[in-house]
Amino acid sequence: MNQPLVSTITPCFRMKPYLKRFLEELPHQTYFDNLEIVLDHNEPDQEEIVWIKDFQKKYPGKIKHIIVNPVEPIGTSMNRCIQQASGELVTIWNVDDLRSPTSIESQVKAIIEKNGDIAIGDYKIVRKFGEKEDGNIVLHGDVPASEFKRGMYYGPFVMFKKSLCDKAGYFDEQLVSGADFDLSVRLAYNG
């Protein structure tokens, strides 16, 4: 299997309670060797910057750390991540979401094996960050294809070919909410 570079789209604003755990989880990805983290960091404090620098010393070249002052809207942040991404594939990975260790590798495999443009996966919604046992699992196999045009069944970890944005466009920076759903639907129509 060809191993394409995957870039994360990782906006960050007031995520200090989650950032350290996010950084600790990154190396546990089975796809870590072919992973680039594009972190668009809005108004970080000094401690957060130290955490990033420590990670960069341990894992050189893994994080593109973009510091933004003043804060910009999330759509702008997400688009900057896509534009700065070096990977053929990009995936949403918010700092306050945790991935299973094989999730990125599984999505890459699905895109390559099916010659696809987009990959999603089942996910669990929990009440408390870091919780693993309790929660509601969302299974995509149970969702009729027509519903992907009507509701946000894509989940928090959509992966897609960066080149697909040439047809589908980017995050709508005018939207205060729902920009991820809007883009996911446009990606699906064009992918």
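Parameters and conventions
Residues numbered from 1 in each chain as written. Predicted model: local features only at pLDDT ≥ 70, side-chain atom pairs only at ≥ 80, totals over all residues. Heavy atoms only, no water. Helix = DSSP H or I, 4+ residues; strand = E, 2+ residues; numbered from the N terminus. Buried < 20%, exposed > 50% of the residue type's maximum accessible area, 1.4 Å probe, protein only. Polar contact = N/O pair within 3.5 Å; in protein donor to acceptor, adjacent residues only side chain to side chain. Contact = heavy atoms within 4.5 Å.

Draft legend 1. Summary view of unusual backbone geometry. Cis geometry marks the peptide bond from N69 to P70, where omega comes out at -5°. Here P70 shows up in the loop between β3 (63-68) and α3 (74-84). Of note, R14 is a non-glycine position whose phi angle comes to about 55°, a positive value. Relative to the helices and strands, R14 resides in the loop between β1 (6-13) and α1 (16-25). Taking the relative accessible area as the measure of exposure, R14 reaches 69% and is therefore exposed. In the Ramachandran plot, E43 falls in the positive-phi region, its phi being about 50° despite a non-glycine side chain. Topologically, E43 is positioned in the loop between β2 (35-42) and α2 (46-58).

Draft legend 2. Structural view of α3. Counting buried positions along α3 gives 8 out of 11 residues, so the element sits mostly inside the fold. Residues G75, T76, S77, M78, N79, R80, C81 and I82 constitute the buried set of α3.

Draft legend 3. Local environment of the side chain of Q107. Locating Q107 in the fold gives a position in helix α4 (residues 103-113). On the basis of relative accessibility, which here comes to 6%, the residue Q107 falls in the buried class. Reaching out from Q107, the side chain makes a polar contact with the side chain of R99 at a distance of 3.0 Å. Residues in contact with Q107, not counting those within four places in the same chain, are T91, R99, A119, I120, G121, F157, V158 and M159.

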